[in-house]
Every structure is written in C-alpha cells, then in structure tokens.
Amino acid sequence: MPELPDLEIIKDVLREHVVGLSIEGVEVRKPVVTRDLIGDGFQAGLFGRSINRVERRGKFLIFTLAGERYLVINPMLAGRIRLCPHWERQTPAPIVVLQLSNKTDLRYSDPKLMGKVYLADDLRAVPTFAAQGPEALDPKLTLDVFKERLRQYRGEIKGILTNQAFIAGIGNAYADEILFRARIYPYKKRPRLTPAEIETLYQSMRDVLTEAIDVLRTRVGTDIHIEIRDFLQVHGRGGQPCPRCGTLISEITAHQRLTNFCRTCQPGTLICN
C-alpha cells in the first residue's frame with residue numbers, strides 16, 4: 001500500500017514530468033475503479049485538459065486540471081502509477097491510461113481493483129477526503145497538537161496511527177516502523193501510554209517518515225511504480241532477527257491486517273494492554 005513517503009516521491013516525480021502536459025487520450029479498461037463525480041463522463045471530462053499541478057493529501061494524489069477540475073487517485077492496497085512511453089508493454093496491464101502530449105502514458109494498474117480514480121470539481125466530494133486529519137509531517141502538527149488529538153481516541157495505538165481522521169498519510173507498514181522505533185507494543189491501548197511514550201511516539205513518527213522520504217528520493221528515480229520497502233526494520237520481516245536485539249520478529253494477522261513487531265523491544269500482551 002503506498003503511504004506518505006511513497007506518495008511524496010511519486011508526487012515530486014510527476015510534478016517534474018507531467019505538469020504542463022495535456023491529456024490527448026483516455027482509456028478505461030476496468031470502469032469499476034473510476035468515479036465520475038461531475039457527470040460529464042469520465043473520459044470526456046479529462047480529454048484535452050492540461051495538467052496544471054500535482055499535489056498529495058494523505059494517501060491521495062491530486063492532479064489539478066485546466067478549469068479547476070481534479071483527477072484524484074487513491075491507490076488503496078495495490079494501486080500503482082507508472083510513467084512510460086506509449087509503446088511500452090506493462091504487466092500487470094494498466095486499467096486506466098492517460099495518453100499525454102509528450103507521447104508518454106500515465107498509467108494506473110490495480111490487480112485487486114480496490115483503489116479509486118475520481119474525476120471531481122470539488123475535492124470535498126471525494127469520499128473520505130475532507131475527513132482527513134493533519135498531515136503527519138505538517139509543521140503545524142506540534143507535539144502539543146499531537147497530544148490533544150490523541151486524547152480523542154481510546155483504542156489500540158497502531159489502529160489510531162493508521163486512522164486517517166487522526167493523522168493523514170500513515171498506513172500499515174510505516175505504523176509498524178514508527179512503533180518499533182518508539183519501542184511501543186502495537187496493540188497497547190492509548191490510555192495506557194505514558195507521557196514519555198507519547199513524546200517518543202511523536203518524534204519517532206517524524207523521524208521514520210522523514211528518513212524514509214530521504215531513502216526513497218535517492219533510490220526511486222522515475223520508477224514510481226516500484227514499491228521499495230527493503231530498508232524497513234520490522235515490517236514484512238516476520239521470523240527474521242530484530243535489528244536491535246536479535247529476537248525473531250513476530251508476525252500477527254489481526255483486524256484484517258499484518259503487524260510485525262519485536263516482543264523484546266516492544267513488550268505487551270493483547271489481553272492486558
């Protein structure tokens with residue numbers, strides 16, 4: 001699932017390569033992922049419009065088109081975006097293709113068909129967009145603001161971190177990394193966090209996301225369709241030694257998601273915490 005660091009790099013690459021280009025063709029091969037929130041028809045509503053800006057909000061990519069029209073992509077679990085020449089073949093086959101005026105394609109693929117591609121003239125019409133909390137790396141999200149927002153929740157801390165209404169941009173993988181850095185058990189309930197743990201959690205969030213952006217910026221290049229996660233410390237490493245203490249990293253599937261953590265560095269129990 002693309003998260004804040006991934007999408008931040010994708011946004012930067014797209015800003016460099018597609019802003020100022022116009023859309024000269026639109027193919028929709030799987031209409032199930034598209035949503036026309038204007039009523040002009042998805043393809044007709046895009047054709048001929050230039051791309052004026054590319055931005056990111058939480059886990060959404062936003063293309064501002066001529067006439068203050070928006071193309072919004074929410075990749076969800078398996079959505080991927082690719083820039084390539086018209087003639088290049090792709091596996092898996094793309095399901096939405098924008099043919100651009102410089103003879104390249106902007107392609108969206110999604111094997112699980114869970115993501116969505118919206119055409120809108122008001123971002124508030126895009127489902128869940130307006131309900132997002134502040135950006136995880138927004139300078140205005142100070143420690144005091146973080147604490148105040150956190151008080152509103154009483155559930156497990158990993159679930160809170162991945163709740164986009166709390167903070168926008170963090171998903172399953174980076175929640176694991178943040179909690180590992182902070183040495184906090186992922187199923188610990190928010191009321192049981194100490195003031196010191198909350199401060200550590202906040203700083204770990206900022207550090208992990210910033211460091212990940214730095215790593216990806218040096219490694220991704222224009223291959224924005226490739227998800228690079230091999231530098232993560234615990235996520236996706238179940239059964240491997242913890243890089244901090246050597247204990248085998250645990251892997252639990254609960255609440256329909258995979259969680260990785262170190263039982264030595266992040267002690268706790270599902271019952272008592």
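Rules used in this analysis
- Residues numbered from 1 in each chain as written.
- Predicted model: local features only at pLDDT ≥ 70, side-chain atom pairs only at ≥ 80, totals over all residues.
- Heavy atoms only, no water.
- Helix = DSSP H or I, 4+ residues; strand = E, 2+ residues; numbered from the N terminus.
- Rg over C-alpha atoms; globule rule 2.2 N^0.38 Å.
- Buried < 20%, exposed > 50% of the residue type's maximum accessible area, 1.4 Å probe, protein only.
- Contact = heavy atoms within 4.5 Å.
- 1 Å grid on protein atoms, 1.4 Å probe; cavity = no way out; pocket = protein on both sides within 12 Å on 5 of 7 lines; lining within 4 Å.
- Points joined across faces, edges and corners; volume = space filled by probe spheres on them.
- Nonpolar A, V, L, I, M, F, W, Y, C, P; charged D, E, K, R; others polar.
- Core = buried A, V, L, I, M, F, W, Y, C linked by side-chain atoms within 4.5 Å.
- Pairing = 2+ DSSP bridges.
- Axes fitted to C-alpha atoms, helices over the stretch in contact; angles between N-to-C directions.
- Phe/Tyr/Trp six-rings, centres within 6.5 Å; stacked < 30°, edge-to-face > 60°.
- Salt bridge = Lys/Arg side-chain N within 4 Å of Asp/Glu carboxyl O.

1. Observations concerning the overall build of the protein
In terms of regular secondary structure, the protein is built from 6 helices and 11 strands. For 273 residues, the compact-globule estimate of 2.2 N^0.38 gives 19 Å, and the protein sits close to it at 20 Å. With the C-alpha coordinates aligned to their principal axes, the bounding extent of the protein is approximately 55 × 35 × 30 Å. Residues counted as buried form 51% of the 273 residues belonging to the protein. Sequence-distant contacts in the protein: of pairs separated by 6 or more residues, those separated by 24 or more amount to 65%.

2. Some thoughts on unusual backbone geometry
Despite not being glycine, Glu-68 shows a phi value in the positive range, around 55°. Positionally, Glu-68 belongs in the loop between strand S4 (60-65) and strand S5 (69-74). One non-glycine residue, Leu-113, adopts positive backbone phi at about 55°. With respect to the helices and strands, the residue Leu-113 is situated in the loop between strand S8 (104-109) and strand S9 (116-120).

3. Describing the layout of surface pockets
The volume enclosed by the largest pocket comes to roughly 360 Å³. Lining the largest pocket are 17 residues; nearest its centre among them are Met-1, Lys-59, Met-76, Thr-162 and Gln-164. Classifying every residue of the lining of the largest pocket by side-chain character gives 8 nonpolar, 7 polar and 2 charged. In this model, the second largest pocket occupies a volume close to 160 Å³. Lining the second largest pocket are His-17, Val-18, Arg-82, Leu-83, Cys-84, Pro-85, Glu-88, Asn-102, Thr-104, Thr-222, Asp-223 and His-225. Counting residues per element, the lining of the second largest pocket draws most heavily on strand S6 (residues 80-85), which supplies 4 residues.

4. Comments concerning the nonpolar core
Leu-14, Phe-63, Phe-146 and Met-205 are the most contacted members of the largest nonpolar core, which totals 62 residues. No other element matches the 9 residues that helix H6 (residues 195-219) contributes to this core. If we ignore the near neighbours within four places in the chain, the residues touching Phe-146 are Leu-141, Phe-166, Ile-167, Ile-198, Leu-201, Tyr-202 and Met-205. In terms of nonpolar packing, the next biggest core, distinct from the first, is built from 9 residues, Ile-62, Tyr-70, Tyr-118 and Leu-123 among them.

5. Observations concerning the sheet that holds S8
Sheet architecture is open: 4 strands sit in the order S1-S7-S8-S6, paired in antiparallel fashion. Because the sheet does not close on itself, it has two edges, and the strands there are strand S1 (23-28) and S6. Strand-to-strand twist in this sheet, taken as the mean axis angle between neighbours without regard to direction, amounts to 15°. Bridge count between strand S7 (residues 96-100) and S8: 4 bridges; the pairing is antiparallel. The residue bridging Gln-99 from the neighbouring strand is Asp-105, located in S8.

6. Remarks on the packing of aromatic side chains
In total, this model carries 7 aromatic pairs according to the counting rule given. Note on Tyr-187 and Phe-261: the rings are 6.3 Å apart at their centroids and 85° apart in plane angle, and the pair reads as edge-to-face. Separated by 74 residues along the polypeptide, Tyr-187 in the loop between helix H5 (172-182) and H6 and Phe-261 in strand S11 (residues 257-261) bring together distant segments of the chain. A relative accessible area of 3% places Tyr-187 in the buried class. Residue classification places Phe-261 among the buried residues on the basis of a relative accessible area of 0%. Among the aromatic residues, those joined into a cluster by ring pairs are Phe-146, Tyr-153, Phe-166 and Tyr-202.

7. Thoughts on the pairing of S4
Counting buried positions along S4 yields 6 of 6 residues, so the element is predominantly enclosed. Neither face of S4 is exposed, since Phe-60, Ile-62 and Thr-64 on one face and Leu-61, Phe-63 and Leu-65 on the opposite face are all buried. As paired strands, strand S3 (residues 51-57) and S4 are joined by 6 bridges and run antiparallel to one another. Counted as the bridge partner of Arg-53 is Thr-64 from S4.

8. Points about the pattern of salt bridges
Counted according to the given criterion, the structure contains 21 salt bridges. For Asp-12, the salt bridge is made with Arg-217, and the minimal N-O distance between the two is 2.8 Å. A residue pair is termed long-range when its members are at least 10 positions apart, and Asp-12 in helix H1 (residues 4-18) and Arg-217 in helix H6 qualify at 205 residues. The exposure class assigned to Asp-12 is partly exposed, which follows from its relative accessible area of 26%. Judged by relative accessible area, Arg-217 falls into the partly exposed class, the value being 46%. The structure contains a network of salt bridges with shared partners spanning Glu-8, Lys-11, Asp-12, Arg-56, Arg-57, Glu-135 and Arg-217.

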